[in-house]
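# A closer look at the structure
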Amino acid sequence: MNLRRPARRWRAIALVAMLACAGAAWAQDAEDGEPVGEPISGKALSDRDFGVLTRQFGLDRRVEMYQWRREFGIASQGDGYERVWNAAPIDSSGYSPGHANPSRMPLENRRWWSESATLDGKPLGSEVLRAIGEWRVFRPNFSRLPSNLAATFQPEGDGLGSSENPLDPQIGDLRVSWRELRLPALEGKLELREGVWRLRPEAAAAALNAAPAREPLAPAAAKPATRGWSPGWFAVAVVLALIVLYRLRKRRQARR
């Protein structure tokens, strides 16, 4: 009776079980672990009115108009007026003659968000962009500026302006600037939930300047069996399994 064959069979079964456990542990580690790559914004964002493009995670257009604003002084001096750049219309219905503002903004402020951002091949939740993204001023390439707007606007600072003389703007003149959304370092801020990268509770609380978030439900120390496995250990297990199978085959061939 050959007693070695059952032993070999049990050894092979144990090896398969070990590989299955390693694969499950590796998948769980990838689900709960930190991202390893860099975020990708996906499709470019475009302000089609001005032909402005960005490859970042958000695009913001800010429009300001030169307007009159009342300065409230003391009773003996009365009220005065000053001219300011403002991102919203200033109601001048009660102003004295010669201080009327346009009733509306010819252009509106707009904001676009990336809807296809990914990290390590998995979607990046939109709340991540809104909570921790950082708006940075940038100067677009105005080579795609439509001809009708090119007749009105000219480069001014980091954006465009409609003033004939930027040093002497007139009431109703506009200036337009853009910002793009960039992401800071994401280490320690994200977790993978149901296949989507989300903010960790403590990172969300910090972003909102709120009270500290609750402690994680399952800290690393509470799951040694899961955290003990990593992609590196999984690779070692595969190599060992191949070596064992190779030796078993060699022994079988030698006996024949």
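Residues numbered from 1 in each chain as written. Predicted model: local features only at pLDDT ≥ 70, side-chain atom pairs only at ≥ 80, totals over all residues. Heavy atoms only, no water.

### A short note on the pairing of strand 12 (residues 190–193)
Taken together, the four bridges between strand 12 and strand 13 (residues 196–199) define a ladder with antiparallel strand orientation. Bridging from a neighbouring strand, Leu190 pairs with Leu199 of strand 13. Count of turn residues in the strand 12/strand 13 antiparallel hairpin: two residues, of which Glu194 carries a positive phi of about 55°. (Pairing = 2+ DSSP bridges. Helix = DSSP H or I, 4+ residues; strand = E, 2+ residues; numbered from the N terminus.)

### Considering the side chain of Glu64
Relative to the elements of secondary structure, Glu64 occurs in strand 3 (residues 58–71). Here Arg175 takes part through its side chain, which lies 2.9 Å from a polar atom of the side chain of Glu64. Beyond its immediate stretch of four places on either side in the chain, Glu64 contacts Trp85, Asn86, Ala87, Met105, Asp173, Leu174 and Arg175. (Polar contact = N/O pair within 3.5 Å; in protein donor to acceptor, adjacent residues only side chain to side chain. Contact = heavy atoms within 4.5 Å.)

### Looking at the side chain of Ser162
Relative to the helices and strands, Ser162 resides in the loop between strand 10 (159–161) and strand 11 (174–182). Among the polar contacts made by the side chain of Ser162, one reaches the main-chain amide nitrogen of Leu174 at a distance of 2.7 Å. Ignoring sequence-local partners within four residues, the contact set of Ser162 consists of Thr152, Phe153, Asp173 and Leu174.

### Points about the environment of Pro146
Relative to the elements of secondary structure, Pro146 occurs in the loop between strand 8 (134–138) and helix 3 (147–150). Considered as a pair, Pro146 and Asp49 are 97 residues apart in the sequence and their alpha carbons are 7.7 Å apart. Excluding residues that lie within four positions of it along the chain, Pro146 makes contacts with Asp49, Phe50 and Gly51.

### With respect to the pattern of salt bridges
Going through the model one piece at a time under the given rule, you end up with twelve salt bridges. Where Arg111 meets Asp60, a salt bridge forms, and the shortest distance between an N and an O atom there is 2.9 Å. With Arg111 in strand 5 (residues 110–113) and Asp60 in strand 3, this residue pair connects regions lying 51 residues apart in the sequence. Of the residues examined, Asp60 reaches a relative accessible area of 7% and is grouped as buried. Through salt bridges that share partners, Asp47, Asp49 and Arg61 make up one connected network. (Salt bridge = Lys/Arg side-chain N within 4 Å of Asp/Glu carboxyl O. Buried < 20%, exposed > 50% of the residue type's maximum accessible area, 1.4 Å probe, protein only.)

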